[in-house]
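Listed below, chain by chain, are the residues.
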Amino acid sequence: MSDLLAHLNPPQLAAVTLPAQHALILAGAGSGKTRVLTTRIAWLVSTGQVGPHGILAVTFTNKAAKEMQARLAAMLPINTKGMWIGTFHGLCNRLLRAHYREAGVPSLFQILDSGDQLSAIKRLLKNLGVDDEKFPPRELMHFINAHKEQGIRAAQAEAYDDYTGRRVALYAEYEAQCQREGVVDFAELLLRSYELLTRNEPLRRHYQQRFRHILVDEFQDTNRLQYAWLKLLAGHGGTTPDAAGASVFAVGDDDQSIYAFRGAEVGNMRDLEREFQVANVIRLEQNYRSHGNILDAANALIKHNRGRLGKNLWTEAGAGEPIRVFEGFSDIDEARFVVDEIRELVREGVSRTQIALLYRSNAQSRVLEHQLFSLGVPYRVYGGLRFFERQEIKHALAYLRLIANADDDTAFARVVNFPARGIGSRSAEALQEAAHRANSSLYNAAAGLGGKPGAAVGHFVRLVETLRAETANLPLPETVEHVIEKSGLRQHYLSEKEGQERLENLDELVNAASNFVQEEADTIANNGDAGALASFLAHASLEAGEHQAGEGQEAVQLMTVHAAKGLEFDVVFITGLEQGLFPHENAAQERQGVEEERRLMYVAVTRARRRLYLSHAQTRMLHGQTRYSLPSAFFEEIPEGLLRKISRAPAYAATPPSRKASAYSAEALPMSQTSANGWRIGQNVQHAKFGCGVIVAAEGRGPEARVQINFGPGGMKWLALEYAKLAPA
DNA sequence: CTCCCAGTTATTTTT
DNA sequence: TAACTGGGAG
């Protein structure tokens, strides 16, 4: 046990060995947060304060849950499988499977991922004859999820106007449809298990007494429902706090809260402190990742935010290099600089996997990729389609879902005519119609219809029935294999010209099933083969798999700043640091928007271990138009002394820029972009009220003429030339 | 049913 | 610019 606590710094040690009371750990970037969390659990268990049974550890991502699981397995001589360690959604799934009757869901309920949910909503609108122009499915989905994440059911939702009234009604219809089909979306997993525990007192007491210690990772990312769920499990559910409740150990960093846009409430940190009367707030401020200059920059930047819980990172490592700043005259120029610099670093021996290229939005990767590709630098882009989201995989899973639950209309609609078997839109509509009238599932309607609108529908029903019968006693991997074969999926992709990769993925699905069976052997043994299929399907929905994109080993890493959270690299390039892009212009409108952008920048900066580059471009191709921007306001928020402006290394300076000759001078800008009244796009101007800006766009002539100006911190403004008092700057 | 064209739109994303 | 969607034609 003593080596368990060895090498912990004083605050870390204090956090790990805190008595069984509520605690809030403010863990700065690179301060050993995961280590504290796992060591805390290991310490609690190995000192006999609590059995593995009494632990509940919650994370946001499967990756984090797995890492915690693995580290614990290495620290403790016991089987860690008995502990409840997982994501919010994974744990709720577990709860609902265990108590499906009490929760009012079928034993083999299916989980809709966001794509499935969207198709379910589209189908609902079609069935009800609702105009999807007036009620865009995406918007409705967001409306429904936002309500669920606030713990609000359709019955309680406020209809403050006619339009919202309609949306609430659709929310109610959606709930009914899900219930009928025996499916549950992501938000529903949480809400349903929250309601289960609220309404079922014996069950609630059982879990409240069972879990003695609740540990939460990335607490700043919790939404309201997740917080309420934690409160309930910790015994803070009723008006009378339960004396026998669990101790909550929450670890988070308000400065790294970057998911407000999807419902995260940083305020939960303060609420926890207040409502749980947290006496133990511990700050982990010693950073083991970055050199001093990088931390100083991060600290100075984040100081511009208000209402922080407060934290200042420091390191024992030296100051290190200054932060390098580069200004390109175009996005292409910027990319060229970045790639030249990368090649130089690689030549000096830096591993490409230790170089990260970060950007605010995915579209920015294009130019960078182009440059990397043309100079033959291996790279890997994060994001994009993941394994279980690929269409061939979703198709195969849909067949499996129908076997497990014939009422799953989303799965039915997906594959009833895939591979094509002559069930076109008219048969599909007839089916929808029949199902709607009979208030039954598509599958039942199809079975009841017999063979009337063409034998094809009957064929499909029989196919599914045959598949179900034939796979009833097969082990999971064989079931998957069988379904791929007999559904005609393999045949279909065999004859498709681009089908090769899809076939490989289908084979990979069989492998995934084998691995799953092996890993979950003990869990599955209790539930039988039907249980194995259901848990595999849940696994597929809850864990979409790796962001697979060219597993190239020695490759430069490209990703959005969001995707970089939690990662670290020796060398980091933050690109596109321009006003309007980063901070993003849409954020200026949102409440607290700019502060969230600043936290995003803080996350980006603190990814770097040894060297940090900040780059921006004067012009950039955006939505097919050339945009002119000022450097990001964030440059002003970092002490000048930490920054060093650099220009291209002499050897590369000679490379002729392609898009425009002679950079850096406004005169070089194309005259075709000249607007009325002598003002030019790209020109720097001064405005009495808004200060300095750049003309970004222009329209109209004479007295109608308007120009759009990017005023940096002042935002983007359209001004009529006739009235605006502009002066050249 | 499939293919093609025109129109639309354009932060960030895990489960 | 480019990617995706929906509608219409073959």
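Calculation criteria
- Residues numbered from 1 in each chain as written.
- Chains lettered and ligands numbered in written order.
- Predicted model: local features only at pLDDT ≥ 70, side-chain atom pairs only at ≥ 80, totals over all residues.
- Heavy atoms only, no water.
- Near = heavy atom within 4 Å.
- Polar contact = N/O pair within 3.5 Å; in protein donor to acceptor, adjacent residues only side chain to side chain.
- Nonpolar A, V, L, I, M, F, W, Y, C, P; charged D, E, K, R; others polar.
- Buried < 20%, exposed > 50% of the residue type's maximum accessible area, 1.4 Å probe, protein only.
- Helix = DSSP H or I, 4+ residues; strand = E, 2+ residues; numbered from the N terminus.
- Arc of directions from axis to C-beta.
- Contact = heavy atoms within 4.5 Å.
- Disulfide = S-S within 2.5 Å.
- Phe/Tyr/Trp six-rings, centres within 6.5 Å; stacked < 30°, edge-to-face > 60°.
- Lys NZ or Arg CZ within 6 Å of the ring centre and 35° of its normal.

**Re the protein's contact with DNA strand C**
- Near DNA strand C, the surroundings consist of Arg366, His623 and Gly624.
- Sugar and phosphate atoms represent 50% of those atoms of DNA strand C found within 4 Å of the protein.
- At 2.6 Å, a side-chain N or O of Arg366 approaches a phosphate oxygen of DNA strand C.

**So, the protein's contact with DNA strand B**
- DNA strand B sits among 27 residues. The nearest are Arg360, Asn362, Asn417, Gly424 and Glu590.
- Sugar and phosphate atoms represent 51% of those atoms of DNA strand B found within 4 Å of the protein.
- Separating a base oxygen of DNA strand B from a side-chain N or O atom of Ser114 is a distance of 2.8 Å.
- Broken down by class, the residue content of the surface near DNA strand B amounts to 7 nonpolar, 16 polar and 4 charged.

**A short note on helix 13 (residues 267-275)**
- Of all the residues in helix 13, the buried ones are Asn268, Met269 and Leu272. For helix 13, the angular spread of buried residues about the axis comes to 105°, placing them on one side.
- At its buried positions, helix 13 is contacted by strand 1 (23-27), helix 12 (224-233) and strand 7 (247-252).
- Of the residues trailing helix 13, Gln277 is marked for its positive phi of about 45°.

**Description of the state of the cysteines**
- Under the defined criterion, the tally for this structure stands at 0 disulfides.
- Cysteine Cys92 remains unbridged, with the sulfur of Cys178 as its closest cysteine sulfur at 16 Å.
- Since its relative accessible area comes to 0%, Cys92 is described here as buried.
- Take Cys178: its relative accessible area is 9%, and that puts it in the buried class.

**Looking at the packing of aromatic side chains**
- Under the criterion given, the structure shown has 20 aromatic pairs.
- Here Phe573 and Tyr613 contribute two aromatic rings whose centre-to-centre distance is 4.2 Å and whose plane-to-plane angle is 5°, an arrangement assigned as stacked. A residue pair is termed long-range when its members are at least 10 positions apart, and Phe573 in strand 13 (residues 569-574) and Tyr613 in strand 14 (residues 608-622) qualify at 40 residues. Tyr613 shares its class with Phe573; the two are buried.
- One aromatic cluster in this structure is built from Phe326, Phe337, Phe573 and Tyr613.
- We note Arg262 situated over the ring of Tyr259; from NZ or CZ to the ring centre the distance is 3.6 Å.
- Sitting over the face of the ring of Tyr382, Arg380 holds its NZ or CZ atom 4.5 Å from the ring centroid.

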